[in-house]
Amino acid sequence: MRPDLMPLDRASRTDDVAADAATALALQEALAAQWVTATADRVTRDPGQPGVRMRCYLDLRQPLGS
């Protein structure tokens, strides 16, 4: 998976991949302003893989701007 892509699935969960922890947490902050209901407080690294991973959960039922 390319590190600049963020998959969203219908289960309202994001598995985010970023180049570094600061980028991953900035992405989560942007999502939290709109949808996040459970945030991550850390990122993980997969040995031998570039970048970091983070998972958070979204409530996509919330209308935009709420």
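Nothing here was measured: the structure is a model prediction, and the numbers come from that model.

So, how was this worked out
- The numbering scheme is per chain: residues are counted from 1 as the chain's sequence reads.
- Under the rules for a predicted model, residues below a pLDDT of 70 receive no local features and side-chain atom pairs below 80 are neither given nor counted, while totals for whole chains, interfaces and linings still include all residues.
- Remark: hydrogens and water are excluded; side-chain values derive from all non-hydrogen atoms of the structure.
- Each salt bridge in this description consists of a side-chain nitrogen of Lys or Arg and a carboxyl oxygen of Asp or Glu lying within 4 Å of one another.
- The buried label goes to any residue with under 20% of its type's maximum accessible area, the exposed label to any with over 50%, and the partly exposed label to all in between, with areas taken from a 1.4 Å probe on protein chains only.
- Comment: elements are numbered from the N terminus, with helices defined as DSSP H or I runs of at least four residues and strands as E runs of at least two.
- Nonpolar cores were defined as sets of buried Ala, Val, Leu, Ile, Met, Phe, Trp, Tyr and Cys residues, with membership established by side-chain atoms within 4.5 Å.
- Any pair of residues with heavy atoms lying within 4.5 Å of one another is described as a contacting pair.

Draft legend 1. How the structure looks around the pattern of salt bridges. Applying the stated criterion across every chain yields a total of one salt bridge. Note that Asp46 and Arg53 form a salt bridge whose closest N and O atoms lie 2.6 Å from each other. A relative accessible area of 36% places Arg53 in the partly exposed class.

Draft legend 2. Spatial organisation of the environment of Ala18. With respect to the helices and strands, Ala18 occurs in strand 1 (residues 13–18). Put simply, Ala18 and Pro50 are 32 residues apart on the chain and 8.8 Å apart in space, counted from C-alpha to C-alpha.

Draft legend 3. The arrangement of the nonpolar core in detail. Listed in full, the five residues of the largest apolar core are Ala18, Ala24, Ala40, Val52 and Met54. For Ala40, the contacting residues outside a window of four places in its chain are Leu25, Gln28, Met54, Arg55 and Cys56.

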